[in-house]
Amino acid sequence: MAQYIIKRLLLLPFLLFIFSIIAFILIQAPPGDFVTSYIAELAASGSAVDQAQIDALREQYGLDQPMTVQYFKWMGNILQGDLGVSLDWKKPNNELIRERFALTLALGVFTFLITWSIAIPIGIYSATHQYSFLDYFFTVFNYFGVATPTFMTALVVMYLAFKYFGISVTGLFSPEYVDAPWSWDKFVDLLSHLWLPALILALDGTARLARVMRANLLDELKKPYMEMARAKGMSEWRLVMKYPVRLAFNPLVSTIGWYLPLLFSGSLIVATVLNLPTIGPLLLRALIVQDMFLAGAIILIYMFLAVIGTMISDILLAWLDPRIRMEGS
Amino acid sequence: MSTNLAPPVSDPQNLPPTGDEAAVVLPDIGRDAEAIYVAPNWKLVWWRFKKHRLALVSGIVVIFIATIALLPEFYSTLPPHESDSIRSFIPPQRLRFFAGDGTFLYVQDVKGQRNQKTLMMEWVPDEEKIIPVKLFARGFEYNLLGLIPTDIHLLGVENPDSGQKFHLLGTDRLGRDQWSRLMFGTRVSLSIGLIAVMLSIFLGILLGGISGYFGGTTDLIIQRLIELLQSLPPIPIWMALTASLPRDWSVEQTYFAITIILSLLGWTTLGREVRGRFLSLREEDFVVAAELIGCGKPRVIFRHMVPTFYSHIIAASTLAIPVMIINETFLSFLGLGMRPPAISWGVLLQEAQNLQSIALAPWLLLPGLAVIITVLALNILGDGIRDAADPYS
Amino acid sequence: MNNQQPLLSVRNLKTYFSLDEGQVKAVDGVSFDVNPGQVVGIVGESGCGKSVTIKSILRIIQKPGKIVDGQILFRHNGDSMLDLTQLNAQSEQMRQIRGAEIALIPQEPMAAFSPVHTIGNQIEEAILLHQPVSKQQARKIAIERLREVGVPSPERRIDSYSWELSGGLRQRAMIAMALSCNPKLLIADEPTTAIDVTTQAQVLNLLRDLQAQHDAAIIFITHDLGVIAQIADFVVVMYLGRVMETGPVDDIFHNPQHPYTKALLKSIPTVTSESGSRLPTIEGAIPHPFNRPAGCPFYPRCIEMMPGTCNTSTPSLQPVTDTQSASCFLYHKQTDDE
């Protein structure tokens, strides 16, 4: 087991290295460098463009140097914990991202917990009560859950909340806490706002997961070990929970690998609609105004989260399934 | 000495799960058994599919939506780009039957009042006036399928010269007819999904097939590539790629760039599936048997292997289209995908991006319903095809 | 031995499966007795209802299957005969019988063990379900049982997963689990089909030895006549959900009465048969379950079929010699039709 984990962890820096190259190419993709767009922006706003200042900027980011040099300069700074400066916000990226990153994580993890705690009971119920009324009901619910883009749910919820309760459900904090320093009250305030976007985000995942759980469990319920456990004299409920549910969990855990990253980056759209202070809307704005170092930093963070998600699911799977564990060692 | 009583025919549960002849265990056996034994695979799939009522209905819905994508001009009532700033935010005008004066089909006219406080035009139904509507009415001129010039529309005002207009789904900020825009958006959104999936299938089959058939180092490299692409977070990557498309590109250029970007990450799932199929099929008895009786490689692949999974690929692509549609919709919704003057569902929903617009004109959310219905229908259809094609998995 | 009261008496058992397409009469009026310490072999082709019969006895038939008629009388706790069909399949009493008094040795030990639980975990579970012992004691008993069935170094093997063991060891572990609570009746469902021939013999010998030691009765299901000859005392021949013939093993092999039994025995290759000669087979195919013939189920393939009799009414199982019974109009006129 330990060997398996170490093997996976050794892969991490390698993956991140490749991802950082992809991220770098992505932020280099727009035509012209960001200083050009910065000058255009300055010119458009009527400010004077100082050639010396431009040259200083170009030199600072090594823009006059070859791509590889630029890449290593960028990566070198990031490895030292410096994500660069946002030209749009005129602030260090670290400062912009820090709190929003924590909130992104909180939203993702919270949504994840909601998804699993709703989807698994639904999946178990549907599989053990196949073709019952509730099974059909959940099946319909799942189809709609998958078919509705999360931002549509967000828009509809926003509209209904406004129309029937006259409230605006945007943001993650009440106005008085937005700029306040962290305190217990602020945390409670966060929780009171976090559940709604988390629920909206969880809809799609819950639907998918419940379907996966139902299908897996239905497969497992037909296996001969079920008959054997029955023949041992186990009660039906106990044996369903001990064997098929346990086995159906394995493929479910492997969904964490794609679901967790999807949650972090998928929350981006809902966050934009509901105006949540996560890194998603920051990325969107950075991409639109071509604030490429900020965009690059955020994309790198998303990639990092994705790799971590895959890693967690691999390790959990090895822990749950002795067959995979043995294979690894 | 052990002596087996080999059963003359194996019992139905033990039939092998693959192979064209294997799928013969249909419940309505009995007298039709003979017909089932000789039926080709696609016929068996169709028989099974027919039993899935909901999938059948979804198939019809999908075909209907596809006709909209082919003939948006015919279904629309007004030119999609025609704006009229006075007539902004008109609420939807419902189609009604049998007016008092004997008109069969009509809508209630609207009248505008300027709100004294906000100075905004507010449109209310005009109880007095009705606009007679007729089927196959004359409207703006267009070329059907880009070929046949005509001016016939499914719905239109009875008297085109009266200057009357009606808006089944209301109008937007610029007074454009939402219904007609939705029809045109259907063409773009649906075709992007379809083309992106076709590109993905092409890439997936090509690379997955190469990987699964040749094995060895080739397989290893392609496998690692798939794993790498799959562990990338797709949404930020798509956003970054679409954001880097030059602003001055034409609608067509953007359109094709977006389909390519979407399929760039989308082919991996299919590629993996195709590879897995190839690998497991190589071990199957009927493939080994075909090789042993001396079939050439191409014959083994195309006569024996491919037929066992092309229905599976159809199912997988039917299920992939809605994913692509949702992806295009959210990219355009965020302002990174199709851009005005192009019309797609995402572009339409962009008008409903903030609370102010929705509070003022909730009908701007209706294109979302089109997304949901389309995705729902395609998903159910895809599930139905998959169940019919692959009853054992 | 035959004067004793039977341990298990199956009377006219009928288990049907209601499917959308119609009813499958998987078991259609099966009767036989199992005496204490006796090995009863049930033999028949795939789909003849032998597995459904034993699942009915264990009351683990799943929907849409249902016992529709008949009795399963089991000598429970000494003398009283308990009709298992009258119990709720999920009741406490039935669950106490399953595993403790009637235990199952399944067909494929690979699939019957959960791959993510150790075999020890699964054997201990069976012990803890039926015996008032602690976890440590259960583990001790499990190790003891594994040793008894010939698993080498059981202290270590107990923590293995089923897929880490060889086929023979896996089946031994299964037998250890079945024996863990000293059942009075062991039901072995083709326990040797999934393992290779040399190991088969070992497992069969093991079963015989254990049966003698524990004085348990065994119902042994197989489609392999060779295995039946090796292990059974008494044979029940089944075809399409019905019993064709019953009798002591020697009489069945040397003096078969029913045409089906005769045909089966003829289709066994022997060392004396001339090389190059065709092995006789039974003509025709087993009818589809939805398409069962009226009358005797075997008549379409029977060479001694009597038109007007065999295809109109169903013969019942009647004694035809001192020791054997057969369902065949060649010997009697008793029908089973209502």
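Because the structure is a prediction, the values reported are computed rather than measured.

Cut-offs applied
- Residues numbered from 1 in each chain as written.
- Chains lettered and ligands numbered in written order.
- Predicted model: local features only at pLDDT ≥ 70, side-chain atom pairs only at ≥ 80, totals over all residues.
- Heavy atoms only, no water.
- Helix = DSSP H or I, 4+ residues; strand = E, 2+ residues; numbered from the N terminus.
- Buried < 20%, exposed > 50% of the residue type's maximum accessible area, 1.4 Å probe, protein only.
- Areas by Shrake-Rupley, 256 points an atom, 1.4 Å probe, with all protein chains shown as cover.
- Contact = heavy atoms within 4.5 Å.
- Buried area = accessible area lost by both parts, 1.4 Å probe.
- Salt bridge = Lys/Arg side-chain N within 4 Å of Asp/Glu carboxyl O.
- Polar contact = N/O pair within 3.5 Å; in protein donor to acceptor, adjacent residues only side chain to side chain.
- Nonpolar A, V, L, I, M, F, W, Y, C, P; charged D, E, K, R; others polar.
- Expected span 1.5 Å × (residues − 1).
- Arc of directions from axis to C-beta.
- Pairing = 2+ DSSP bridges.
- Axes fitted to C-alpha atoms, helices over the stretch in contact; angles between N-to-C directions.
- Patch = residues over 30% accessible without salt bridge, like charges linked within 9 Å, V, L, I, M, F, W, Y side chains within 5 Å.
- Domains from an automatic or database assignment.
- 1 Å grid on protein atoms, 1.4 Å probe; cavity = no way out; pocket = protein on both sides within 12 Å on 5 of 7 lines; lining within 4 Å.
- Points joined across faces, edges and corners; volume = space filled by probe spheres on them.
- Phe/Tyr/Trp six-rings, centres within 6.5 Å; stacked < 30°, edge-to-face > 60°.

Trainee: Explanation requested: the overall build of chain A in the structure shown.
Mentor: Assigned secondary structure in chain A consists of 14 helices and two strands. The principal-axis extent of the C-alpha atoms belonging to chain A is close to 85 × 60 × 40 Å. With 329 residues in all, chain A has 51% of them scored as buried. Surface exposure of chain A reaches about 15,000 Å², of which carbon and sulfur atoms provide 68%.

Trainee: Can you walk me through the overall build of chain B in this structure?
Mentor: Along the backbone of chain B there are 13 helices and four strands. Residues counted as buried form 51% of the 393 residues belonging to chain B. Across chain B, every contact between residues at least 6 apart in sequence was considered, and the portion connecting residues at least 24 apart equals 64%.

Trainee: So what exactly am I meant to see when it comes to the interface of chain C and chain A here?
Mentor: Interface size is commonly expressed as the accessible area that is lost once the parts come together. Between chain C and chain A, the residue contacts involve 29 residues of the former and 23 residues of the latter. In total, about 2,300 Å² of surface goes out of reach between chain C and chain A, with carbon and sulfur atoms giving 63% of it. Remark: the boundary between chain C and chain A carries three salt bridges. The salt bridge involving Lys242 of chain A is made with Glu125 of chain C; its shortest N-O contact spans 2.8 Å. Put simply, chain C and chain A have twelve residue pairs in polar contact (both at pLDDT 80 or more) between them. Secondary structure elements with two or more residues in the side of chain C that touches chain A: helix H1 (50-58), strand E6 (102-105), helix H3 (109-112), helix H4 (119-130) and helix H7 (167-179) of chain C. The greatest single-element share of the side of chain C that touches chain A, amounting to six residues, is contributed by H4 of chain C. By residue class, the composition of the side of chain C that touches chain A is 16 nonpolar, eight polar and five charged.

Trainee: Sorry if this is basic, but what is going on with the interface of chain A and chain B here?
Mentor: The interface is formed by 40 residues belonging to chain A together with 37 residues belonging to chain B. When chain A packs against chain B, the two sides together hide about 3,500 Å² of surface, and 83% of this comes from carbon and sulfur. Inspection of the region where chain A meets chain B yields one salt bridge. The residue Arg211 of chain A makes a salt bridge to Asp383 of chain B at a minimum N-O spacing of 2.7 Å. Those elements giving two or more residues to the side of chain A that touches chain B turn out to be helix H1 (2-28), helix H6 (133-147), helix H7 (150-165), helix H11 (244-274), helix H12 (279-288) and helix H13 (292-320) of chain A.

Trainee: Even after reading the chapter, I still don't get unusual backbone geometry, so can you show me in this structure?
Mentor: Leaving glycine out, the prevailing phi sign among residues is negative, and the prevailing peptide bond configuration is trans. Across the junction of Pro340 of chain B and Pro341 of chain B, the peptide omega takes the value 10°, indicating a cis bond. Of note, Pro341 of chain B is situated in the loop between helix H10 (297-333) and helix H11 (345-350). A cis geometry characterises the amide bond from Lys63 of chain C onward to Pro64 of chain C, with omega recorded as 5°. Take Pro64 of chain C: it is sitting in the loop between H1 and strand E4 (65-75).

Trainee: I tried to follow helix H4 (residues 67-79) of chain A on my own but got confused; where do I start?
Mentor: Side chains three or four residues apart in an α-helix point the same way, a direct result of the helix having 3.6 residues per turn. Residue and element names in this part refer to chain A. Between its terminal C-alpha atoms H4 stretches 18 Å, which fits the 18 Å expected from 13 residues at 1.5 Å a residue. Among all positions in H4, only Gln70, Tyr71, Trp74, Met75 and Ile78 are buried. Buried positions in H4, seen along its axis, are confined to an arc of 125° and lie on one side of it. Those residues of H4 that are exposed and angled more than 90 degrees off the buried face are Thr68, Phe72 and Leu79. On its buried side, H4 packs onto H1 and H13.

Trainee: Help me understand the sheet that holds strand E5 (residues 81-83) of chain C, please; the structure alone is not making it clear to me.
Mentor: Hydrogen bonding along the main chain pairs the strands of a sheet, whether they run parallel or antiparallel. Residues and elements named next belong to chain C. The four strands are arranged E2-E1-E4-E5 in an open sheet whose pairing can be described as antiparallel. Each of the sheet's edge strands pairs with one partner strand only, and the pair in question is strand E2 (22-34) and E5. In this sheet, neighbouring strand axes are inclined to one another by 10° on average, regardless of whether the strands run parallel or antiparallel. When E4 meets E5, the two strands line up antiparallel, connected through three bridges.

Trainee: What am I meant to see in the sheet that holds strand E1 (residues 96-97) of chain B here?
Mentor: Residues and elements named next belong to chain B. Pairing in this open sheet of four strands is antiparallel, and the strands run E1-E2-E3-E4 from one edge to the other. The sheet is open, and its two edges are formed by E1 and strand E4 (148-157), each paired on a single side. Across two bridges, the pairing between E1 and strand E2 (residues 105-114) is antiparallel. Bridged to Arg96 within E2 is Tyr106.

Trainee: Help me understand a nonpolar patch on the surface in this model?
Mentor: Among the surface-exposed residues, Val156, Leu160, Tyr164, Phe165 and Ile167 of chain A lie close enough to one another that they form a single nonpolar patch of about 520 Å² accessible area. With respect to the helices, strands and loops of the structure, Phe165 of chain A is situated in helix H7.

Trainee: Could you clarify how one ought to interpret the domain arrangement of chain B in this entry?
Mentor: The domain boundaries assigned to chain B delineate domain 1 (93-166) and domain 2 (180-389). A C-alpha centroid distance of 38 Å is found between domain 1 of chain B and domain 2 of chain B.

Trainee: I keep staring at the layout of surface pockets and nothing clicks. Help me out?
Mentor: If a probe the size of a water molecule is rolled over the atoms, the empty space left behind becomes visible. Residue and element names in this part refer to chain A. There is about 490 Å³ of room inside the second largest pocket. Surrounding the second largest pocket, 20 residues form its lining, Glu99, Arg100, Val178, Asp179 and Pro277 being those nearest its centre. A breakdown of the residues in the lining of the second largest pocket according to their chemical character gives eleven nonpolar, three polar and six charged.

Trainee: What is the right way to look at the side chain of Glu245 of chain C in this model?
Mentor: All names here are of chain C. Looking at the element boundaries, Glu245 is found in strand E10 (residues 242-248). Only 3.0 Å separates the side chain of Glu245 from the backbone nitrogen of His258, close enough to count as a polar contact. Separated by 2.6 Å, the side chains of Glu245 and Thr261 make a polar contact.

Trainee: Just checking my understanding: could you explain the environment of Asn379 of chain B for this structure?
Mentor: Among the secondary structure elements, Asn379 of chain B is positioned in helix H13 (residues 366-389). Linking Asn379 of chain B and Ile314 of chain B, residues 65 residues apart in sequence, is a C-alpha distance of 12 Å. If we ignore the near neighbours within four places in the chain, the residues touching Asn379 of chain B are Tyr143 and Val146 of chain A together with Leu319 and Pro322 of chain B.

Trainee: Got a minute to help me understand the packing of aromatic side chains in this structure?
Mentor: The geometry of an aromatic ring pair is captured by two quantities: the separation of the ring centres and the angle between the planes. Residues and elements named next belong to chain A. With the rule as written, the count across this model stands at 23 aromatic pairs over all chains. With 5.6 Å between their ring centres and 35° between their planes, Trp184 and Phe187 make a pair best called tilted. On the criterion of helical spacing, the pair formed by Trp184 and Phe187 is a turn pair, its members being three residues apart in helix H8 (residues 184-221). A relative accessible area of 64% means that Trp184 is categorised as exposed.

Trainee: Would you take a moment to explain the pattern of salt bridges for this structure?
Mentor: Where charged atoms from two side chains of opposite charge come close, those side chains can pair. Counting across every chain of the model gives 32 salt bridges over all chains. The partner of Arg208 of chain A in a salt bridge is Asp204 of chain A, and the shortest N-O contact between them spans 3.2 Å. Pair noted here: Arg208 of chain A and Asp204 of chain A are both in helix H8, with a separation of four residues, about one helical turn. Relative accessible area serves as the criterion here: at 30%, Arg208 of chain A is assigned to the partly exposed category. Overall, Asp204 of chain A belongs to the buried group, its relative accessible area being 14%. Arg230 of chain A is the partner of Glu236 of chain A in a salt bridge, and the nearest nitrogen-oxygen pair spans 2.9 Å. Residue Arg230 of chain A is classed as buried on the basis of its relative accessible area, which comes to 9%. Connected through salt bridges with shared partners, the residues Asp172, Arg173, Arg176, Arg181 and Glu351 of chain B form a single ionic network.

Trainee: Looking at this model, I keep getting lost on the environment of Ala196 of chain B. Mind explaining?
Mentor: Residues and elements named next belong to chain B. For Ala196, the position within the fold is in helix H5 (residues 178-214). Taking the C-alpha atoms as reference, Ala196 lies 35 Å from Val288; in sequence the two are 92 residues apart. Beyond its immediate chain neighbours, meaning those up to four positions away, Ala196 contacts Thr259, Leu262, Ser263 and Met324.

Trainee: Hey, could you run me through helix H9 (residues 224-231) of chain A in this one?
Mentor: Burial analysis of H9 of chain A places six of its eight residues in the buried class, which makes it a mostly covered element. Residues of H9 of chain A that are buried include every one of Tyr225, Met226, Met228, Ala229, Arg230 and Ala231 of chain A, and no others.

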